[in-house]
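# Observations on the model geometry
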Amino acid sequence: MVLLNILQGIVVLLLSGVKFIAGIAWAAFVGKFGFWPCVLLSVSGGMLGVYLFATLDLKILNFFNKLFKIKKRTYVKFSKRARFMVKLKSGYGLAGIAFLTPILLQVPIGTFLAMRLIKNKWKVSLYMLFSFFFYSLTICSCYFFLGPHVKEMMDHLLKH
């Protein structure tokens, strides 16, 4: 039983390091962890992912450039996604990227964007830590204190 909990904790760490919401969902629903272990494991996994992707940032980009023989373009192609990323970087900065990383951008993409904006790994890590902690506390609180059937409760409240 202890080995199973350790393995589930490792799964939560790995999932949170890549897809933060999936790590929280695994910890709450499948892992049957309590409130604080769920929060701490998901935040730790998210920060592990930030550290890994911030450290390997240039190495990963160089690897993909060599693998796919990507050359720098002399022109800029604007797509909806490119416009969204430019608006996010210029309009909201590091705080906006950190705020959207756990729910929309995911850890690797959010970390890469943040590292392009600011080269200071510690500043990026601090913003990401606050963001992960906020989302982890919010989601775990909703699940553990409102119960797993939040949608059913909201439907019931809205009907009356």
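Because the structure is predicted, anything quoted here is derived from the model rather than measured.

The subject of this paragraph is the packing of aromatic side chains. All told, the structure shown has nine aromatic pairs when counted by the stated rule. Ring centres 4.7 Å apart and planes at 20° place the aromatic pair Phe20 and Phe132 in the stacked group. With Phe20 in helix H2 (residues 20-30) and Phe132 in helix H7 (residues 121-146), the pair connects residues that are 112 residues apart, well separated along the chain. You'll find Phe20 and Phe132 in the same group, each marked buried. Seen from their ring centres, Phe99 and Tyr135 are 5.4 Å apart, and the 45° between their planes marks the pair as tilted. Here Phe99, found in helix H5 (residues 80-105), pairs with Tyr135, found in helix H7; they are 36 residues apart in sequence, far enough to count as distant. The partly exposed category is assigned to Phe99, whose relative accessible area is 43%. Through a chain of ring-to-ring contacts, three or more aromatic side chains come together here, namely Phe35, Trp36, Tyr143, Phe144 and Phe145.

Running from N to C, H2 and H7 point in directions that differ by 35°, and their axes come no closer than 11 Å. As for how H2 packs across H7, the hand of that crossing is right-handed. Mapping the contact onto sequence places Phe20, Ile21, Ile24, Ala28 and Phe29 in H2 and Phe132, Tyr135, Ser136, Ile139, Cys140, Tyr143 and Phe144 in H7. Tallied by class, residues from the contact of H2 with H7 come to 11 nonpolar, one polar and no charged.

So, how was this worked out
- Residues numbered from 1 in each chain as written.
- Predicted model: local features only at pLDDT ≥ 70, side-chain atom pairs only at ≥ 80, totals over all residues.
- Heavy atoms only, no water.
- Phe/Tyr/Trp six-rings, centres within 6.5 Å; stacked < 30°, edge-to-face > 60°.
- Helix = DSSP H or I, 4+ residues; strand = E, 2+ residues; numbered from the N terminus.
- Buried < 20%, exposed > 50% of the residue type's maximum accessible area, 1.4 Å probe, protein only.
- Axes fitted to C-alpha atoms, helices over the stretch in contact; angles between N-to-C directions.
- Left-handed = near helix turned anticlockwise from the far one by under 90°.
- Contact = heavy atoms within 4.5 Å.
- Nonpolar A, V, L, I, M, F, W, Y, C, P; charged D, E, K, R; others polar.

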